[in-house]
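Descriptive analysis of the structure
Take a look at the letters that make up each chain.
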Amino acid sequence: MAPQEVPPGAVGRVRSWFLIARTRAALLAAGVAAVAFCVGDAVAGSYPFGSRTRSVNDLGNQFVPYHAHLWDLLHGRADGGLLLNWQSGYGSSFLPDLGTYVSSPFALLVAFFPRDRIDLAVYAVTVLKIGAAAAAMAVLLLALRPGRWWAAGALGASYALCGWTVMLASYNPMWLDGLIAFPLLCLVGEWARTARRPYLSVLVVALCWIANFYTAYMATIGAGLVLIARLLTEPDRDDTTAPDGSAPYAGGPGPGGTREPREWLRALGRAARSMVLGIGLSAPLVLTIFKGTKLAYPGLVQEFEPKPWSDLLGRMLPGTYGFATPSTYIDTAALLLAFALPFHPAVPRRTRTVWTVLVLVVTASFQWKPTHLLWHAFTTPNGSAYRETFVLSGMMVIAGWFAFAHGLPGRRQLAWATGVMAALVAVTRFGAEEGVTGQGTYPLLALGLVATIGALSLLRWAADRSPGGAAGTGAAATGASAATGASAPTKASATATLPVVLAATLLIGAQIGQSAFTNAWDVRKRLATMDDYGQWGQRETYQYDAIAKADGWPDYRTDPGREQTVGNDPLMVDGQGAQYYSSLTADVWTKTLMALGGGWTSRGRSLQSLDNPVTDVIFSVGARVHSRRDPHQVHVNPPPNVPPTVTRQDVPPLVTMRDAAPAARYGLSPYRNQELLLGSAVYTPTTTELRDSKGRLMPRTPKGYRITGYVRHPRTSTYSLRTSCPAGSEVYFWAPDFKGRVTLPGAAPVNFLGRMPTHRAPVERLGEVPGGGGKFALNVRALEPGTLSLDGIGCLDRGRLAAAERRLAAGAATRVHVTDDGISAQLPSGAHGFAVVAAPAIKGWSCATDNGSARPARSYLGLISVPVNEGATSVSCSFTPPGLHLGEAIGGACLLGVAALAAFGWWRGRRRPEEDGDTEPARPVPAALVES
């Protein structure tokens, strides 16, 4: 069909029509994606549509608690601020955690939900992010190549519901910001290519990197590859002209396309400028995360091992699952169109070649270690090793869009694409590992294939009946006429509308069905293979109320307790505890708590509360919550939910004085280490001997007693640990690598869950010394092979501890004031030595006495300390996350760069004013580029 002339002055109306088309596509994409995702959760019976929890793995342990803390911050109820979190780890840096988990603009929406519905708030944020990603992709597709708005909306939903979303990102909601970032950054590339929107480009880049820098980094790489592909296909002119080679269409990208290599470099330069300035504006947040990562306790160091190609290809099918394999699923409609692209003669040859090669190269890059490391910022992640998969899904959706928007694929192209799909099925059926596919994989694929081919056939039939008879163009007549003021649509065009509606309904219905089932399947599989945690319920309400009633911060801390509900109880139910789970858990705090007898999971990144009266005195824990085991974690005869109990203890304030300098380092025994930090001896030394079930003496090794353990062989896994303690003492047991039960005569058994290096068991109280004191034997039942420490028994003298507490309190600060980013204290008369703050000496603290100059804080065996000379009356410490000042400098420089760019644009506009006249010349609008 020949292009239609736009009358003078009608360009604005055409542009408005394009805006309406993109708005419709975005709304359709968001709606389809949200509906399909929610339907999948409803089918799976998952929260909030059913009784099954969705808080699996880190969603329950980290992400929901961090959103709860954000809720507290937004409502002014948090202990701490943006820089410092007083609730976790007895004082931790919060800005890096904020940037890692809750810096997305969507996260702010949790403030509009009740706090006890925080799980629902996180779910709503998740659905909104998925919808936003779908909308962004729909807008991008229409910017890359105009076409049917509803098809762009459907493919936008295909991208947002890719396997990476439903398998990984749905329970890692901060990664969904990367799903949104990829199409937005591709739009930035388009604007750079056509020399448009330089300031908006910088803003978009900055927002993407602030929302989640980790996945934004991957999206930036992907967007750069897309821009290169667009520049390589520029001579095809498929972005600024109709397929028949007519002039640029009104309201479209305009004549800004680049053709010469020099213009390519200019486009790349504009894109690089936007990226540098945008990333620079995010530097105050990104650099603190980077520095926090360097200062974090080292987690698992993993070597990349590529998965079989059959698994990678098989995961493109619906209804598949695999935690360690790349989640490459996109629905059959998008997949079939992507497979049709290389065989589609209506698509310019260079476009077919470049995009086919790009998809293949990106897919291959997942399996090669150097490019794998490049995708993941040169560190193999702990967990899924294919976190960049959403970029491939986005590129495949774009390829499918080009195959559709250039003209409907014919029977021959669909036959070739179906053949590729059949080969994919064969590779999966005979090569993929067991468990990758589910019961519904092949039936869903067959139904989706039939629906897609049927829908495309209906569209071709409708296009053949429309004016001009060109497949893919006839339905555009109405839109072109409305935009240009031409005559009404013909009867044939109106007759073709019903098949188009039926085709769209069939295509979108199949898409919703496939993606909903895939989501439901993944939800069920996750619950069967991962740790899970309950939603907010009666237990959390009891804990929250008990902590609120006992809270005395900052006079003393209230610890949520050793029997934890999730990995971040202080953030979830409030309080100020030792517990802290983050990818940025400080190395100094992990090692300090470890030396004092603390326990952990996740290889030292998830620290647990230490229920010990000595450390409670050290860290000013005046109230401690004691809960029964979480009923959600007990699958057989779960205990009832009952209110927790709260025990109180006299403790000194947060700032105390020490006369002597600290020891050079901690030793091996947690009991001796606690005494070093306390400054008093409160444990009675003791010796041990271990005998097996037959009474034979077990040999002592430098690392302790080596024992065997089996769940089903109690006779060979039971030992007697003999020792002695003074009468009236409390018996404590420490065996960090022990998994089993230990029973003190006359007391209940105590479970230990050590399995080094992933799990470290903490010091636990067994009870009071039985009888009148003296010798006794502990019953040790090992469930796994492990090691018992030679000095694992601690005999605590409560009288000595009370005297030590009184001594510390007598010389402690007389007044303590805590702020959102620091602490200050008034010292008693004659104070000298070292003022010790009951908080870990993480990097970023600076302290001063009286009105002196601030210096980096010293460490007193892992705690903050300030040297105090006689005559000093006060100390003050403030916290600044490492990297913040450098980030502020870079951000300020980039802000000046944006201002300079704006000033240059204003100056250039003054030198080259626009020509006089209010009218524009007529410009041809190809009917193929718009539709009714």
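Residues numbered from 1 in each chain as written. Predicted model: local features only at pLDDT ≥ 70, side-chain atom pairs only at ≥ 80, totals over all residues. Heavy atoms only, no water.

So, the overall build of the protein chain
Note the threshold: Think of it this way: any DSSP run of H or I at least four residues long counts as a helix, any run of E at least two long counts as a strand, and we number them from the N terminus. In this setup the radius of gyration rests on C-alpha atoms only. A globule is expected at 2.2 Å times the number of residues raised to 0.38. For each residue, the accessible area found with a 1.4 Å probe, counting protein chains only, is set against the maximum for its type, and the residue is called buried under 20%, exposed over 50%, and partly exposed in between.
What the protein chain contains, in helices and strands, is 28 helices and 32 strands. Its C-alpha atoms give the protein chain a radius of gyration of 32 Å, within 12% of the compact-globule value 30 Å for 932 residues. Taken along the three principal axes of its C-alpha coordinates, the protein chain extends 105 × 70 × 45 Å. Classification of the 932 residues of the protein chain by burial places 57% in the buried group.

Quick look at the sheet that holds strand 28 (residues 855–856)
Rules: When DSSP finds two or more bridges between a pair of strands, those strands are recorded as paired.
Taken in spatial order, the five strands make up an open sheet running 24-25-31-27-28, and their pairing is antiparallel. Looking at which strands have only one partner, the edges of the open sheet turn out to be strand 24 (815–819) and strand 28. Examined bridge by bridge, strand 25 (residues 822–826) and strand 31 (residues 874–879) share five bridges and lie antiparallel to one another. Bridge pairing links Ala 825 to Val 875 in strand 31.

Digging into the pattern of salt bridges
Selection rule: By salt bridge we mean one thing: a side-chain nitrogen of Lys or Arg within 4 Å of a carboxyl oxygen of Asp or Glu.
On inspection of all chains with the given rule, the structure shows 21 salt bridges. When the shortest N-O distance is used, the salt bridge between Asp 616 and Arg 624 registers 2.6 Å. Just as Asp 616 is buried, Arg 624 falls in that class too. A salt bridge links Arg 800 to Asp 797; the nearest nitrogen and oxygen atoms lie 3.6 Å apart. One salt-bridge network, in which partners are shared between bridges, spans Asp 559, Asp 611, Asp 616 and Arg 624.

So, the state of the cysteines
The term disulfide refers to a covalent linkage connecting the sulfur atoms of a pair of cysteines. Where we set the bar: Any two cysteine sulfur atoms within 2.5 Å of one another count as a disulfide.
Overall, the coordinates contain two disulfides when judged by the stated rule. Two residues, Cys 847 and Cys 877, share a disulfide whose sulfurs are 2.1 Å apart. Taking the sign of the S-S torsion, 110 degrees for the link of Cys 847 and Cys 877, the bridge is right-handed. Of this pair, Cys 847 sits in strand 27 (residues 845–849) while Cys 877 sits in strand 31; the two residues are 30 residues apart in sequence, bridging distant segments of the chain.

A short note on the nonpolar core
For soluble globular proteins, nonpolar side chains are generally found buried alongside one another. Inclusion rule: Working definition of a nonpolar core: buried Ala, Val, Leu, Ile, Met, Phe, Trp, Tyr and Cys residues. They are joined through side-chain atoms within 4.5 Å. Pairs of residues are marked as contacts when any of their non-hydrogen atoms sit within 4.5 Å.
By size, the foremost hydrophobic cluster in this structure holds 153 residues, and its most contacted members are Phe 182, Phe 390, Met 396, Ile 398, Trp 401 and Phe 404. Of the residues forming this core, the biggest block, 17 residues, is contributed by helix 4 (residues 118–144). Excluding residues within four positions of it along the chain, Phe 390 makes contact with Tyr 159, Trp 164, Gly 178, Leu 179, Phe 182, Thr 215, Met 218 and Ala 219. Counting residues in each nonpolar core, the second largest holds 66 residues, with Ala 595, Met 657, Ile 823 and Val 837 among its members.

Notes on helix 11 (residues 283–294)
The line we're drawing: What a helix should span is 1.5 Å times the count of its residues minus one.
Taking 1.5 Å of rise per residue, the 12 residues of helix 11 would be expected to cover 16 Å, and the 16 Å separating its terminal C-alpha atoms lies within 8% of that figure. In this structure, the buried residues of helix 11 make contact with helix 3 (95–101), helix 8 (198–211), helix 9 (213–232), helix 10 (261–281) and helix 28 (884–911).

With respect to the packing of helix 8 against helix 9
Quick note on the threshold: Axis angles are defined between N-to-C directions and span 0 to 180 degrees, where every axis is a line fitted to C-alpha atoms and, for a helix, only to the segment in contact. Angles are sorted into four bins: roughly parallel if under 35 degrees, roughly antiparallel if over 145, roughly perpendicular if 65 to 115, and oblique for all others. Classes in brief: Ala, Val, Leu, Ile, Met, Phe, Trp, Tyr, Cys and Pro nonpolar; Asp, Glu, Lys and Arg charged; the others, Gly included, polar.
Where helix 8 meets helix 9, the closest approach of the two axes is 6 Å, and the angle between their N-to-C directions is 135 degrees. In terms of orientation, helix 8 lies oblique with respect to helix 9. When helix 8 is examined against helix 9, the residues Cys 208, Trp 209 and Ala 211 are found in contact with a partner set consisting of Phe 213, Ala 216, Tyr 217 and Thr 220. Among the residues forming the contact of helix 8 with helix 9, the class breakdown is six nonpolar, one polar and no charged.

Notes on a nonpolar patch on the surface
This is how the line gets drawn: Only residues whose relative accessible area exceeds 30% and that form no salt bridge enter a patch; like-charged residues are grouped when within 9 Å of one another, and nonpolar side chains (Val, Leu, Ile, Met, Phe, Trp, Tyr) when within 5 Å. Values of accessible area rely on a 1.4 Å probe in the Shrake-Rupley scheme; residue burial ignores everything except the protein chains shown.
There is a patch of nonpolar side chains on the surface, built from Ile 228, Leu 232, Leu 265 and Leu 268 and spanning about 350 Å² of accessible area. Breaking the nonpolar patch down by element, the ones donating at least two residues are helix 9 and helix 10. As for its placement among the helices and strands, Leu 268 is situated in helix 10.

Some remarks on the side chain of Thr 565
Mapped onto the elements of the fold, Thr 565 is located in the loop between strand 6 (557–559) and helix 23 (569–573). For Thr 565, a relative accessible area of 7% translates into the label buried. Residues in contact with Thr 565, not counting those within four places in the same chain, are Tyr 533, Arg 539, Glu 540, Gln 543 and Asp 630.

Considerations on the packing of aromatic side chains
Two descriptors summarise a pair of aromatic rings, namely the distance from one centre to the other and the angle between the planes of the rings. As a reminder of what qualifies: Aromatic contacts are taken between Phe, Tyr and Trp rings whose centres are within 6.5 Å, Trp giving its six-membered ring; a plane angle under 30 degrees counts as stacked, one over 60 as edge-to-face, and the others as tilted. Criterion for a charge above a ring: Lys NZ or Arg CZ within 6 Å of the ring centre, and within 35 degrees of the ring normal.
Inspection of every chain in the model, using the stated rule, returns 27 aromatic pairs. Between Phe 343 and Trp 416 the ring centres are 5.2 Å apart and the planes differ by 15 degrees, which places this aromatic pair in the stacked class. Residue Phe 343 is located in the loop between helix 13 (332–340) and helix 14 (349–365), and its partner Trp 416 is located in helix 17 (residues 411–431); the two are separated by 73 residues in the primary sequence. In this structure Phe 343 comes out as partly exposed when scored by relative accessible area, which is 29%. Look at Phe 738 and Phe 752: their rings are 6.1 Å apart centre to centre, the planes differ by 55 degrees, and that puts the pair in the tilted class. Taken as a pair, Phe 738 in the loop between strand 17 (730–733) and strand 18 (739–743) and Phe 752 in strand 19 (residues 750–753) lie far apart in primary sequence, 14 residues in all. Accessibility expressed as a relative area gives 2% for Phe 752, which makes it buried. Site record: aromatic cluster; members linked through ring pairs are Trp 86, Trp 553, Trp 845 and Phe 879. The ring of Phe 430 carries Arg 429 above its face, with NZ or CZ at 5.7 Å from the centroid. Seen from the ring of Trp 600, Arg 760 lies directly overhead, with NZ or CZ sitting 5.4 Å from the centre.

Describing the confidence of the model for the protein chain
Close reading of the predicted structure is inappropriate where its pLDDT is low. For the record, the criterion: Values of pLDDT, which run from 0 to 100, indicate the predictor's confidence residue by residue.
Of all residues in the protein chain, 90% have pLDDT values of 70 or greater, and the mean over the chain is 89. Low pLDDT (under 50) marks residues 915–932, which in the prediction has 63 contacts with non-local residues, meaning those over four places away or in another chain.

Describing the pairing of strand 31
Here strand 27 pairs with strand 31 via five bridges, running antiparallel. Each residue of the ladder has a partner; that of Ala 848, found in strand 31, is Ser 876.

A look at the packing of helix 13 against helix 16 (residues 389–405)
In plain terms, the rule: Left-handed describes a crossing whose near helix is turned anticlockwise from the far helix through less than a right angle; right-handed describes the clockwise counterpart.
At their nearest, the axes of helix 13 and helix 16 sit 7 Å apart, and the two run at 70 degrees to each other. In terms of orientation, helix 13 and helix 16 fall into the roughly perpendicular class. When the axes of helix 13 and helix 16 are compared, the crossing they make is left-handed. Along the contact surface, helix 13 presents Ala 334, Leu 335, Leu 337, Ala 338 and Phe 339, while helix 16 presents Met 396, Val 397, Ala 399, Gly 400, Ala 403 and Phe 404.

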